[in-house]
Each structure stands twice: as structure tokens, then as C-alpha cells.
Amino acid sequence: MQYGSIGWSVGALLGYAQGAKDKRVIACIGDGSFQVKFHRLLKYVAICCNLMDDGLILMRTWEIFVQVTAQDVSTMIRCAQNSIIFLINNGGYTIEVEIHDGPYNVIKNWNYTGFVDAIHNGEGKCWTSKVKCEEELTAAIETALGQKKDCLCFIEVIAHKDDTSKELLEWGSRVSAANSRPPNPQ
């Protein structure tokens, strides 16, 4: 079985930046990856609802999962990290659609800059920008590298849902083909 992972990048960025304080860490994160912990939780809750009626346990599980991405970003701000996060917002799990399409790949589009602004809440150094064209992206990068170089910079880049590279589409097709075969007996 071929495997690729999404959902680990925010926590990985936090850890790497904390360990490499003398460097400015840059991460490109997809909107699906940013939300993946929430999406996995919804699948988990749906399974649990069929197995038990204990709303208290489900609520506790929800609280734990909802806080993970928020806590990672909050910790970056609290620890005065100056990483640059490019969140590529193409409205969903584009690579997952290429591998195995289904209704579970449709995600609610968030106001990601608003989410980070809410976590920031005016405490610490954090700057956000939402860009929709090359000129806005260039200006945002110049700001992040210039006057906001000491801040956590979160740049949400709006992209079309089908804006992918040929290589990504080919990889998705190969993974899909590999995963549709029966497992190789060992």
C-alpha cells in the first residue's frame, strides 16, 4: 500500500522552529491538512455515535481534538516564533480527491486568517494576510521578510481547487492504482 500523510505539518513546524531558534522556518500547508484533525474527529464521532450514547465522552474527545491545531499556533505565538506559514487554500483535500474521491473529501472552507487572528487576540507578535493574486502574494512576502520579520506570519493563499501540478496528479494516480490492488501476501 502506498501512503502519504497529511495533518502533521502544523505540529512539525512548531517543533522544528522551537529547536532551530536561530533559523526562520517556512512551511507550505494545505487547507485540508490544517483541518485534518477536525475532519478525522468527525469520522470518529460518527463511529462512536453508532457504538455508544455517552455524550460526555464524545464531548471530551471533541474538546481534545479541536484544541490541537489551535494550541500549536497559540504556542508558536507564545514562544515568539517568527515562522512563515503559507496556507494554500484550494477549498479541500485536492490530493485525496485524486487518490480516492468521495463526499468525505468535501470540507467547510474556513476563514483561516480570522482563525489565527482569534488565537492571536492581540497578544504576542503575529501578522496575517489573505492573498488572491501574484501581486498581493509578492507584497505579503515582502512584508513578512521586512517589517514583520520578528512575527509569526500567516499568509493564506487563495488558489483554484484544481490548481495542481502535473506531478501531483501523476502521483495521485499511482497511489490510487497501488491502493486499489489486493495486499501483497508476505
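Cut-offs applied
- Residues numbered from 1 in each chain as written.
- Predicted model: local features only at pLDDT ≥ 70, side-chain atom pairs only at ≥ 80, totals over all residues.
- Heavy atoms only, no water.
- Helix = DSSP H or I, 4+ residues; strand = E, 2+ residues; numbered from the N terminus.
- Contact = heavy atoms within 4.5 Å.
- Areas by Shrake-Rupley, 256 points an atom, 1.4 Å probe, with all protein chains shown as cover.
- Phe/Tyr/Trp six-rings, centres within 6.5 Å; stacked < 30°, edge-to-face > 60°.
- Buried < 20%, exposed > 50% of the residue type's maximum accessible area, 1.4 Å probe, protein only.
- Polar contact = N/O pair within 3.5 Å; in protein donor to acceptor, adjacent residues only side chain to side chain.
- Pairing = 2+ DSSP bridges.

Undergrad: Explain the overall build of the protein residue by residue, including any values.
TA: The helix and strand inventory of the protein stands at seven helices and four strands. If you list the helices and strands of the protein from N to C, you get α-β-α-α-β-α-α-β-α-β-α. Once local pairs closer than 6 in sequence are excluded, the contacts in the protein between residues at least 24 apart make up 80%. Accessible surface computed for the protein: about 11,400 Å², of which carbon and sulfur atoms make up 56%.

Undergrad: Mind laying out the packing of aromatic side chains, listing which residues take part and the relevant values?
TA: Per the counting criterion, the structure on display carries two aromatic pairs. Arranged with centres 5.6 Å apart and planes meeting at 35 degrees, the rings of Trp 110 and Tyr 112 form a pair that is tilted. Their ring planes at 35 degrees and their centres at 5.6 Å tell us that Trp 110 and Phe 115 sit as a pair that is tilted. Taking relative accessible area as the criterion, Trp 110 reaches 23% and is therefore assigned partly exposed. Put simply, the rings of Trp 110, Tyr 112 and Phe 115 touch in pairs and so form one group of aromatic residues.

Undergrad: For the environment of Cys 79, give the residues involved together with the corresponding values.
TA: In this fold, Cys 79 is placed in the loop between helix H3 (55-78) and strand S2 (84-89). With relative accessibility at 28%, the residue Cys 79 sits in the partly exposed group. As for Cys 79 and Gly 124, which are separated by 45 residues in sequence, their C-alpha atoms are 8.7 Å apart.

Undergrad: Describe the environment of Arg 24, naming the residues involved and giving the relevant values.
TA: Among the secondary structure elements, Arg 24 is positioned in the loop between helix H1 (9-19) and strand S1 (26-30). C-alpha of Arg 24 to C-alpha of Asn 82: the two residues are 58 residues apart in sequence and 6.3 Å apart in space. The residues touching Arg 24, leaving out its near neighbours within four places in the chain, are Asn 82, Ser 83, Ile 84, Ala 144, Leu 145, Lys 148, Lys 149, Cys 151 and Cys 153. For Arg 24, the side chain forms a polar contact with the main-chain oxygen of Ala 144, separated by 2.8 Å. Within polar-contact distance, the side chain of Arg 24 engages the backbone oxygen of Cys 151 at 3.4 Å.

Undergrad: Can you tell me about the side chain of Ser 129, naming the residues and giving the values?
TA: When you line up the elements, Ser 129 lands in strand S3 (residues 126-131). Apart from residues lying up to four places away in sequence, Ser 129 is in contact with Thr 113, Ala 140, Phe 154, Ile 155 and Glu 156.

Undergrad: How would you summarise the pairing of S2 if you had to cite specific residues and measurements?
TA: Of all six residues in S2, five are buried, a share of seventy percent or more. Bridge analysis of S1 against S2 gives five bridges, and the strand direction is parallel. Residue pairing for S2: Ile 26 is matched across the bridge by Ile 84.

Undergrad: How would you sum up unusual backbone geometry? Please name residues and give values.
TA: Where the residue is not glycine, phi is negative for most of them; where a peptide bond is considered, it is trans in most cases. Phi is positive for Ala 80, close to 55 degrees, though the residue is something other than glycine. Its location among the elements puts Ala 80 in the loop between H3 and S2. Judged by relative accessible area, which is 58%, Ala 80 ranks as exposed. Residue Asn 121 is not a glycine yet carries a positive backbone phi of 50 degrees. The topology assignment puts Asn 121 in the loop between helix H5 (112-120) and S3.

No statement about biological role is implied by the geometric values presented.
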